[in-house]
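Chain residues, written in single-letter form:
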Amino acid sequence: MKNQGQKTQQPPQLATRLFFWMAGSAAVEDLYGDMEEIYFSNVDKYGKSKANRMFWKQVLSLVFSYALKSRKANAAHSYRASSISPALLYNFFKVSMRTLIRHRSFSIINILGLSLGMSICLLSITMYYSIQQFDLFHINKDRIYTVNTLVINNQVNDKFATTAPYVHDNLKSYTNQIEEVVAINDGFSGEVKINQNTLPVSGLYVPPAFLKIFTFPLMAGNESTALQEPFSIILTEKAALRLFGHTNVIGDAIELENKGTFQVTGIMKDYPGASHLQFESLVSYSTLDAIEPGLNKRFEDYRFYTNSYTYLLLQKGSTPEQLKIPLEQIAQELSNPDETLELNLQPVTNIAAGENINYSIGPSFDRLTMAFFILLTLIILAPACFNYANLSMARALKRSKEIGMRKVVGGGRRDIFIQFIFETFIITSIALFGAIYIFTIIREEYLAMIIGAEMLDLSINLPVMVAFVGFAVFTSLLAGVIPATYFSKMRAISSLRGGGKAGVLFKSKLRNGLTVFQFCLSTFFIFGAIAMISQYYHSMNYDKGFDEKGKVIIPLHNIEPEIIAHEYSNFPEVSEIAFSSGIPGTHSNNEVWVQTYQVEDSVAVHQMFVDNSFLELMGFKLIRGHSFIENLNQDNEIQIIVNKTFAQSMALAENEIIDKTFRLPHGLTARVIGVIDDFNHLPVMKQIQPFFFRYDPSKFSFATLKVDTQNVFETATKFEQKWEALNDLIPYEFTFLEDKLNAIYDQLKNPIKMFGFLSFLAVSIACLGLLGMVVFTMENKVKEIGIRKVMGASVPQLTRHLSQGFLKLMLLALVITIPLAYAVYEFMLQRIIFYNKTIGLVEILSSILILSLLGSITVFSQTIKSAKLNPVDNLRYE
């Protein structure tokens, strides 16, 4: 038995470690106990220095003694040491379950924390698995490659998924290595005219060999001849149903505006979504030659053919390395003194999951983004594992005697280690079910946030389930290795005396540091969620420079504007009607190059075709000149009303630009007749660009109606009935302009959801970790609390004393994170939203309040409970 003075003396740690390391799995706790008692006796007799030397001498004599060798030999040949029997595993299971039930509160906290941390990891596992499945359905997938172009110049290296058709033509001659090579152009799109209605359709220009390389089977039609003739088109089953209502359309003709009449020569089965090639129709490549007669002259210009891709099918037995020299020769022919080109092969199964390349033909889930997402999920999981270890260590005081008894009856370190890993695995397995449940809840929301989600399959199948189980094993090791190591190293004697000593990993500084890290992470995510919510409402309520209230948008779908105006103006709810080619405040691709007044350069200018009613209806502020004089446009001169930014881009004052003329494409001249105040013709994420209105009724695509909004449902019903009388094929669309603009800003909801969910996970796990810390501390301060109460300390005084350490940790986390989060999110928002709102005190104080409130509830729930305990019970417990 140690006296009070001996409690501060310990045998040399290095000698102790050497002794147990040399003993291995042999049971030597009795020998060490004897040496320890002799050491304390020597300290009293001879002093610490001599006692240390004598302890070292005993250790060195024992590690080479027969006594230790025989114990090691017995341990090595014992049944327990050589194998894990089913009976032992059953014993582990029984003990683990008994422990989990006995300490159910700790078990619930651990299971809940691990479920939260593991749920988002399951999301990354299923997404990674889904991406790896892309293009695996092609029979020849191992021999299909695409050719990428790397452009190297003095400033930057750019990699393109596209190649010049020149590359495709040259590769045709390498028949010993290449079985088939095709050029694909993804520029096919248009509107199909069916029964006086138009429907959009898009697809790829491909040669007949396309169907030999890729596995896209036809339901009807001949694969060999379906793409031979110009203006032949193969429709997918889904596209045929959308256009015709049935799939029996072989030989039917469809007319595309500005492209000609196409004959349907094949119907293709709908292919799996997991393909980097996304299309609803295939058009014969010879059609492209017919539509663009100058194609051959531009074959050597690789930049012009941004829509051109080259795919090849290697001969059986050939390797990509055999094409290295031919590709180098072709690249050398395309290079020039300013730029050097490299051509590289990329496996088709690696396109969707590969690196992010310019002009990719389909969606790309590049490695860097995927790696960042996986890292983010592990950052969330790590605190959950740490919390488990922390809570397990908090139980050490109650389980030390159990460990000591196991060691006394013959249990070795390995047995204790395996038992705790086994116990962790059981908890993790239960948590896995909780994680899967959370995963099924968040899966759809996650898919709604990413581009190309319709191609991803995040369902749980057998391989994914196997991966989940493997991940549970990994998590068990990650969470359980520290407590298992700690418990297995506890010595029998010290364990039976009432507890061991936490190792270096769980010294208070590291434990506090990890707790601060968790709250830093939580604060960062909470700050992000609040900042994005603030920006979302700011964007919706931003003054865009026009009146969006009470305006209904109806797409014309080739119905004459005069008909719409006549039919809808009869409704008493409609007070005004105007027409335009676009919708202000939305994304627009309608740009035109305008040659400047000084005839030095050209400027890209956004344009919209409107009538005078539209300018008045939307409340645009005309600050110079006048409105359109309708029907005054001459053959080669048009009227335009520009915004202030347009005048500034031309280096002219607002009053100077009136009656100035500018050159437009196709030999047109534009004369400025008015200047309007700047307005957000693009979403507020984009900066206001040079812009002008033009007058041309043939370009109108939308009708804007100013309506009485007192009875919206009745008005919408009457509008729909009128629309069905005009066009019964195209679904009726009734959209308020305000709703349409707000829908654009729904994209800001995605980061809000993401930050909100990450905040929820991080805060939940951090609070659970803090709870573990508080419980751990209260377990170790039971005697102190009892003495303080006996000495007269009140409950508020004790609560303040017990809580102040944890509150300081939270305060430290806030001091570290708030400036960092402010700088990061302010920088990020300036790049996402041009007309953004500066982060202010509201966002900062809200973040502080939320974190402080949640953390304080967690701390005070335990400290108040401990402060109220009866001191007699506390002292009796100790």
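What counts and how
- Residues numbered from 1 in each chain as written.
- Predicted model: local features only at pLDDT ≥ 70, side-chain atom pairs only at ≥ 80, totals over all residues.
- Heavy atoms only, no water.
- Helix = DSSP H or I, 4+ residues; strand = E, 2+ residues; numbered from the N terminus.
- Buried < 20%, exposed > 50% of the residue type's maximum accessible area, 1.4 Å probe, protein only.
- Contact = heavy atoms within 4.5 Å.
- Pairing = 2+ DSSP bridges.
- Axes fitted to C-alpha atoms, helices over the stretch in contact; angles between N-to-C directions.
- Polar contact = N/O pair within 3.5 Å; in protein donor to acceptor, adjacent residues only side chain to side chain.
- Expected span 1.5 Å × (residues − 1).
- Bend = angle between axes of the 7 residues up to and from the residue.
- Core = buried A, V, L, I, M, F, W, Y, C linked by side-chain atoms within 4.5 Å.
- Phe/Tyr/Trp six-rings, centres within 6.5 Å; stacked < 30°, edge-to-face > 60°.
- Lys NZ or Arg CZ within 6 Å of the ring centre and 35° of its normal.
- Salt bridge = Lys/Arg side-chain N within 4 Å of Asp/Glu carboxyl O.
- Arc of directions from axis to C-beta.
- pLDDT = per-residue confidence, 0-100.
- Patch = residues over 30% accessible without salt bridge, like charges linked within 9 Å, V, L, I, M, F, W, Y side chains within 5 Å.
- Areas by Shrake-Rupley, 256 points an atom, 1.4 Å probe, with all protein chains shown as cover.
- Parallel < 35°, antiparallel > 145°, perpendicular 65-115°, else oblique.
- Left-handed = near helix turned anticlockwise from the far one by under 90°.
- Nonpolar A, V, L, I, M, F, W, Y, C, P; charged D, E, K, R; others polar.
- Disulfide = S-S within 2.5 Å.

Remarks on the overall build of the chain
Check the secondary structure of the chain and you find 28 helices and 22 strands. For the chain, the proportion of its 878 residues judged to be buried stands at 49%. Here the contacts in the chain between residues at least 6 apart in sequence split such that 79% fall between residues at least 24 apart.

Description of the sheet that holds strand 22 (residues 735-736)
Sheet architecture is open: four strands sit in the order 13-21-12-22, paired in antiparallel fashion. Since the sheet does not close on itself, it has two edges, and those belong to strand 13 (574-580) and strand 22, each with one partner. Of the pairings in the sheet, the one linking strand 13 to strand 21 (residues 702-707) comprises six bridges and is antiparallel in character. Pairing of Val-574 across the sheet is with Val-707, part of strand 21. The strands touched by helix 19 (residues 561-568) are strand 12 (551-555), strand 13 and strand 21; relative to strand 13, the strand with the most contacts, the crossing angle is about 170 degrees. Against the sheet, helix 22 (residues 712-726) contacts strand 12, strand 13, strand 21 and strand 22, and its axis sits at roughly 20 degrees relative to strand 12.

So, the environment of Leu-68
Within the secondary structure, Leu-68 sits in helix 4 (residues 66-77). Judged by relative accessible area, which is 1%, Leu-68 ranks as buried. Between the alpha carbons of Leu-68 and Gly-24 there is a distance of 9.9 Å; along the sequence they are 44 residues apart. Those residues in contact with Leu-68 that sit more than four places away from it in its chain are Ala-23, Val-28, Leu-62 and Val-63.

Some remarks on the environment of Arg-671
Take Arg-671: it is sitting in strand 19 (residues 669-676). Sequence separation between Arg-671 and Ile-638 is 33 residues; the distance between their C-alpha atoms is 6.1 Å. When residues no more than four places from it in sequence are discounted, the contact partners of Arg-671 are Glu-637, Ile-638, Gln-639, Ile-640, Asp-659, Lys-660 and Thr-661. For Arg-671, the side chain forms a polar contact with the main-chain oxygen of Asp-659, separated by 3.0 Å.

As for helix 16 (residues 462-489)
An ideal rise of 1.5 Å per residue puts 40 Å on 28 residues; helix 16 measures up with 39 Å between its terminal C-alpha atoms. Helix geometry: helix 16 is bent most strongly at Gly-480, by close to 50 degrees, with proline Pro-483 lying one to four residues after it. Where helix 16 starts, the residue carrying a side-chain oxygen 3.0 Å from the main-chain nitrogen of Val-464 turns out to be Asn-461.

Considerations on the nonpolar core
Leu-114, Met-118, Leu-122, Met-127, Ile-380 and Phe-525 are the most contacted members of the largest nonpolar core, which has 72 residues in total. Only helix 7 (104-132), helix 13 (367-394), helix 15 (413-449), helix 16, helix 18 (508-541), helix 24 (749-780) and helix 26 (795-832) provide two or more residues apiece to this core. Among the elements that line this core, the one with the most residues is helix 15, at twelve residues. Within the second largest apolar cluster, 28 residues are counted, among which are Ile-234, Met-268, Leu-277 and Ile-357.

Observations concerning the pairing of strand 7 (residues 253-256)
Residue alternation in strand 7 divides its side chains into a buried set, Ile-254 and Leu-256, and an unburied set, Ala-253 and Glu-255. By the bridge criterion, two bridges tie strand 3 (residues 178-194) to strand 7 in an arrangement that is antiparallel. Bridge assignment links Val-192 to a residue of strand 7, and that residue is Leu-256. Alignment of strand 7 against strand 8 (residues 260-268), held across four bridges, turns out to be antiparallel. Bridging across to strand 8, Glu-255 finds its partner in Thr-261.

Let's talk about the packing of aromatic side chains
Two numbers describe a pair of aromatic rings. These are the distance of the centres and the angle of the planes. Inspection of the entire model under this criterion finds 44 aromatic pairs. Stacked on the ring of Tyr-46, the Lys or Arg Lys-50 has its end atom at 4.5 Å from the ring centre.

Some details on the pattern of salt bridges
Within the structure shown, the criterion is met by twelve salt bridges. A salt bridge links Lys-706 to Glu-576; its shortest N-O distance comes to 3.9 Å. Note that Lys-706 is positioned in strand 21 and Glu-576 in strand 13, a separation of 130 residues in sequence. Residue Lys-706 is classed as partly exposed on the basis of its relative accessible area, which comes to 32%.

Concerning helix 22
Between its first and last C-alpha, helix 22 extends 21 Å over 15 residues, near the 21 Å set by a 1.5 Å rise per residue. All of the buried residues in helix 22 are Thr-715, Ala-716, Phe-719 and Trp-723. Within helix 22, the buried residues cover an arc of 95 degrees as seen down the axis, which keeps them to one side. What points out from helix 22, more than 90 degrees from its buried face, is the exposed set Phe-713, Gln-721 and Ala-725. Close packing links the buried residues of helix 22 with strand 12, helix 19, strand 13 and strand 21.

Re the confidence of the model for the chain
With 89% of its residues at a pLDDT of 70 or more, the chain shows a mean pLDDT of 82. Scored below 50 in pLDDT, residues 502-506 makes twelve contacts in the model with residues more than four places away or belonging to other chains.

What to know about a nonpolar patch on the surface
A cluster of nonpolar side chains, Phe-425, Val-469, Val-473 and Leu-477, forms an exposed patch at the surface whose accessible area comes to about 290 Å². Ranked by residue count, the leading element in the nonpolar patch is helix 16, at three residues. Relative to the assigned elements, Leu-477 resides in helix 16. Leu-477 sits in the partly exposed class, given a relative accessible area of 44%.

A short note on the packing of helix 24 against helix 26
The interhelical angle for the contact between helix 24 and helix 26, taken along N-to-C directions, is 160 degrees, at an axis separation of 11 Å. Here helix 26 runs roughly antiparallel to helix 24, going by the angle between their axes. Our pair here, helix 24 against helix 26, has a crossing hand that is right-handed. Contacts between helix 24 and helix 26 involve Phe-755, Leu-770, Met-773, Val-774, Thr-777 and Met-778 from the first element and Leu-802, Phe-806, Leu-809, Met-810, Tyr-825 and Met-828 from the second. Classifying every residue of the contact of helix 24 with helix 26 gives eleven nonpolar, one polar and no charged.

Here we look at the side chain of Thr-310
Topologically, Thr-310 is positioned in strand 10 (residues 308-314). For Thr-310, the side chain forms a polar contact with the side chain of Thr-163, separated by 2.6 Å. Setting aside chain neighbours within four positions, we find Thr-310 in contact with Tyr-145, Thr-146, Val-147, Thr-163, Ala-164, His-168, Leu-171, Val-181 and Val-182.

Some words on the state of the cysteines
One pass over the structure, following the stated rule, counts zero disulfides. Of all cysteine sulfurs in the structure, the one in Cys-385 sits closest to Cys-121, which takes part in no disulfide; the separation is 8.3 Å. Residue class for Cys-121 comes out buried when judged on its relative accessible area of 2%. Judged by its relative accessible area of 5%, Cys-385 falls in the buried class.

Comments concerning unusual backbone geometry
Among all residues except glycine, the phi angle is most often negative; among peptide bonds, the trans geometry is most common. For Phe-231, which is not a glycine, the phi torsion comes out positive at approximately 60 degrees. Unlike most non-glycine residues, Ala-651 shows phi in positive territory, near 60 degrees. Its place among the elements puts Ala-651 in the loop between helix 21 (644-649) and strand 18 (661-663).

A closer look at the packing of helix 7 against helix 16
Where helix 7 contacts helix 16, the axes come no closer than 10 Å and their chain directions differ by 140 degrees. With respect to helix 16, the element helix 7 is oriented oblique. Relative to helix 16, helix 7 is oriented so that their crossing is right-handed. Between helix 7, through Leu-114, Met-118, Cys-121, Leu-122, Ile-125, Thr-126 and Tyr-129, and helix 16, the contact on the second element is made entirely by Pro-463, Val-464, Ala-467, Phe-468, Phe-471, Ala-472 and Thr-475.

Section: the side chain of Ser-130
Following the sequence through the fold, Ser-130 ends up in helix 7. We classify Ser-130 as buried; its relative accessible area is 4%. Setting aside its immediate chain neighbours within four residues, Ser-130 contacts Leu-456, Asp-457 and Leu-458.

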